[in-house]
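One-letter residues, chain by chain:
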Amino acid sequence: MMKCEGRAADGEQEASDAEQRTGWAGRSRGICLAAASAGAMALSGVASAQAGDPAGEAFEAEQRQEIVTVYGTSNPLPAFEYPGQVSVITNDDIELRAPSTVSDLLRDVPGLAFSGGPRRTGEVPSLRGFSGQNVLILLDGARQSFTSAHDGRFFVDPALLGSVEVVRGPASALYGSGAVGGVLALESADAEDLLRDGESWGARLRAGYQSVNEETLTSFTAYTNTGAFDGLASIGLRQSGDIKLGDGSTLPSDDEIMTGLIKGRYDVTDALSLEASWQRFDNSAFEPNNGQGTLGTGDSVLDRNVDKDITTDTYRLGAGFNPVSDMIDAHLTAYQTITEVEEFDATVPRSISREIETTGLSARNASRFDLGPVQTTITIGADWYRDEQSGFDSAAADGVRGGVPDAESEFMGLFAQLELVTEHPLGLPGELIVIPGLRHDEFSSESSSVTGKNEDDAFSPRIAASYGPVGWFRIFGSYAEGFRAQSVNELYLDGTHFEVPHPVLFNPGMGSFVFVTNEFIPNAGVKPEKTETVEFGAGLDFQDLVASGDRLQAKLSWYQSDVEDLINLSVDFAYDGTCFAPPFFPCTAGTTRSANVASAELEGVEGELRYDSDRSYVRASYTSIEGTDLVTGSDLGTLTPDRVALDLGLKAHEWDAIFGLRIQHASDFTRRESDGAGGFTVAETRDAYTVADVYASWTPGFANGARIDAGIDNVFDERFERVFEGVYQPGRNYKIAASWQFGG
């Protein structure tokens, strides 16, 4: 994955190089330089501005100029000019929020929601109504492929992140399978995020606390940039207890999380750079087997916690080659992610585990040139990756865990994308950007329990355009096709799904603990999901609107996605008739299988606004989505209520501080299901809610390198349901973090 590289200290040389290149290449270099300068000077620049330093104030004006996306097209492009919707969360945003989980950080991103309840181990992101494996998750460009019915999709500590991009809408033309709802791209922190102006090395100590689960955080990070070498090493410990919910109850959840990050980049020559990184997440938890469950049956046997060990290791090697020639800007990435969830239930006793290992290679090259008046970038790339899953159950005679087939999937994709930029198209005023792309994927799956392979392929086209007749106004539109290959679990599920008490013979009072099972049924005939999406929108970009040097950017869009062969996991829960008459056996509790369920339609509106000035900032977002099963008329299960989010901030330079207020409002929510007789029943209902947070950040001028961040989440201790009916969110939460940074 291409990144903007180069420290601010190298700015003069970068600018000189850019002047010698063609128009489009110079434009791209300029974008990279602006982004790198903003990132490198973020902390020191704010401090200078707070002290009244003119250089710092000038920097803040520069910092307000551009928010750059890389993952939207795989090349740097101003987010406002991107013909679609993408949100970029910067390092400063992460510091201000002091998030405990990734969902804390991304709560207000339009179109993005996290289901699975308040536990970090159960959170699953959804984008535009697409959840699970329909959202592609990348960590430093490495796929995070873990999937489990009752655990989260990925495990990352936000304290190790330097930025996040959320690309909303189908991105299969670039990324292949899984990018149907969009891409959640996490970038780990590097030295540029922490080094202050004039420093070549540094270190930071950080400690934090939040009250809602009595969580503590301690971390130490060291980093350096010597010119040719850029490196960072970080270690952290996060410990937390049960979560206090807004309804006054307590959710069992004990975590002890060790995290580590080691990464470095070495410039072998001016053209060739090498990168390597390792990131680890290791959580020892004590919580329910179902990390998304809330317990509460009142039975001491059923309401039991298990010891759970969750580990993720992501290894990454990369090489970049960018000589003077504009025809070569090449990147090669090799990665491996190993995620394992092990559980031990002492009451049985029983140990179970699931491990998914993803190994991949990604190569791409961007060539930049002018075709007459058209500034052109052509990006050509290839991806290969393999997912391998294995399971273990100590209670099974053969050690094989039911519902976790030993299986693997392999993918190979080739893609090409053009980025065409022209001034005064067809004699019209302004600028036109057109981005067509096409990708072809071949994929196969196989399992040790089934003979033969399941093979298929898919083409994923996309065309998008953005037109700005004047500098302050832009319209955009796109058409894209996406796909999501069937997973090994959907194809080969077998064994036991869950156990429930026998309807007659289970009687704890009499010492009878008889359970029966619901069994998985494999379905090798499951087909890939396919989508077609159209999107239209417009944006505004004003500078010097209210005060000198300020900037307001806003984008609003409407989209519609048509889904074919939606894959659904159907649980047919029903006791056999023989369960109720002597001898009460054979007895089962039904079956569970994956199947394609006809077609569906999703439609939504998203809006996002950013305003920055020397004294204040505003962030606002709006989300509305509807989704329908076109056969039954039922609402889709991944919908969310209409949401409005507002983040207001005051930069109090005279106090070396920032003060902020965040508000999120969600409307009433009702989800209907077909009753099979032409009518509908209410499957779920949730009340509207409004949640307010306050926060502050202080960088005292008298204590060089010190910073204190504090806040109160859910100030009014609101009792509300964000993801499911009956699953309440955390109550009032006091939080504070302090750090000390030094270097030279």
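All chains use their own residue numbering, which begins from 1 and follows the written sequence. For this predicted model, a pLDDT threshold of at least 70 governs which residues receive local features, and a threshold of 80 or more governs which side-chain atom pairs are given and counted, while totals over whole chains, interfaces and linings are taken from all residues. Side-chain calculation: all heavy atoms of the structure are included, whereas hydrogens and water are not.

## Brief notes about the overall build of the protein chain
And step 1. Secondary structure counts use DSSP, requiring at least four H or I residues in a row for a helix and at least two E residues in a row for a strand, with both numbered from the N terminus. Of regular secondary structure, the protein chain possesses eight helices and 40 strands.
And step 2. Relative to its 744 residues, the protein chain shows a buried fraction of 55%.
And step 3. We call two residues in contact whenever any of their non-hydrogen atoms come within 4.5 Å of each other. For the protein chain, long-range pairs separated by at least 24 residues make up 65% of all intrachain contacts whose partners lie at least 6 apart in sequence.
And step 4. Accessibility throughout is a Shrake-Rupley quantity obtained with a 1.4 Å probe, and a residue counts as covered only by protein chains that appear here. Of the roughly 29,600 Å² that the protein chain leaves accessible, carbon and sulfur atoms contribute 58%. Whether a residue is buried, partly exposed or exposed follows from its accessible area with a 1.4 Å probe, protein chains only, as a fraction of its type maximum: under 20%, in between, or over 50%, in that order.

## Concerning the sheet that holds strand E3 (residues 85–89)
And step 1. For two strands to be treated as a pair, DSSP must find at least two bridges joining them. Pairing within the open sheet is mixed, and its five strands lie in the order E3-E9-E10-E7-E8. Pairing within the sheet leaves two strands with one partner each, and these edge strands are E3 and strand E8 (142–143).

## Things to note about the state of the cysteines
And step 1. In this description, the term disulfide denotes a pair of cysteine sulfurs within 2.5 Å. One pass over the structure, following the stated rule, counts one disulfide.
And step 2. The disulfide partner of Cys 579 is Cys 587, and the gap between their sulfur atoms is 1.9 Å. The S-S bond linking Cys 579 to Cys 587 shows a torsion near 105°; that makes this disulfide right-handed.

## Some thoughts on a nonpolar patch on the surface
And step 1. Among the surface-exposed residues, Leu 205, Phe 220, Ile 235, Met 258 and Trp 740 lie close enough to one another that they form a single nonpolar patch of about 460 Å² accessible area.
And step 2. Take Met 258: it is sitting in strand E16 (residues 254–267). Surface patches are defined over residues having more than 30% relative accessible area and no salt bridge, joining like charges when they lie within 9 Å and nonpolar side chains (Val, Leu, Ile, Met, Phe, Trp, Tyr) when within 5 Å. Just to be clear on terms, a salt bridge is a Lys or Arg side-chain nitrogen sitting within 4 Å of an Asp or Glu carboxyl oxygen.

## A few points about the pairing of strand E10 (residues 182–188)
And step 1. Burial runs high along E10: seven of the seven residues are buried.
And step 2. Covered by surrounding structure in E10 are Gly 182, Leu 184, Leu 186 and Ser 188 together with Val 183, Ala 185 and Glu 187, the residues of both alternating faces.
And step 3. Direction of pairing for strand E7 (residues 135–139) relative to E10: parallel, over a ladder of five bridges. Looking across to E10, one finds that Leu 138 is bridged to Ala 185.
And step 4. Pairing between strand E9 (residues 161–168) and E10: seven bridges, direction antiparallel. When the sheet's bridge partners are listed, Val 166 is paired in E10 with Leu 184.

## Points about the confidence of the model for the protein chain
And step 1. One number per residue, pLDDT, summarises how confident the predictor is, and it ranges from 0 to 100. Scored by pLDDT, the protein chain has a mean of 89; 89% of the residues are at 70 or more.
And step 2. Here residues 5–26 scores under 50 on pLDDT; set against residues more than four positions off or in separate chains, the count is 41 contacts.
And step 3. When the criterion is pLDDT under 50, residues 33–63 qualifies, and its contacts beyond four places in sequence or with other chains add up to 52 contacts.

## Quick word on the pattern of salt bridges
And step 1. Counted by the stated rule, this structure contains 42 salt bridges.
And step 2. The salt bridge partner of Arg 316 is Glu 275, with a shortest N-O separation of 2.9 Å. With Arg 316 in strand E18 (residues 305–321) and Glu 275 in strand E17 (residues 272–288), this pair connects stretches of sequence that are 41 residues apart. Take Arg 316 and Glu 275: they sit in the same class, and that class is buried.

## Here's the deal with the sheet that holds strand E27 (residues 515–520)
And step 1. Strand order in the open sheet formed by four strands is E26-E27-E31-E30, with mixed pairing between adjacent strands. The two strands at the open ends of the sheet, each matched to only one other strand, are strand E26 (495–501) and strand E30 (567–572). Across the sheet, the mean angle separating the axes of adjacent strands is 25° when strand polarity is ignored.
And step 2. Note: E27 against strand E31 (residues 591–596), two bridges, orientation parallel. Each bridged residue has a counterpart across the sheet, and for Phe 520 the counterpart in E31 is Thr 592. Helix axes are fitted to C-alpha atoms over the stretch in contact, other axes to C-alpha atoms as well, and angles between N-to-C directions run from 0 to 180 degrees.

## Topic: a negative patch on the surface
And step 1. Positive charges are assigned to Lys and Arg, negative charges to Asp and Glu, while His and the chain termini are left out of the count. Each charge is placed at NZ for Lys, CZ for Arg, CG for Asp and CD for Glu. Taken together, the side chains of Glu 442, Glu 446, Glu 455, Asp 456 and Asp 457 define an acidic patch exposed on the protein surface.
And step 2. No other element matches the three residues that strand E24 (residues 454–470) contributes to the negative patch.
And step 3. Tracing the chain through its elements places Glu 446 in strand E23 (residues 431–447).

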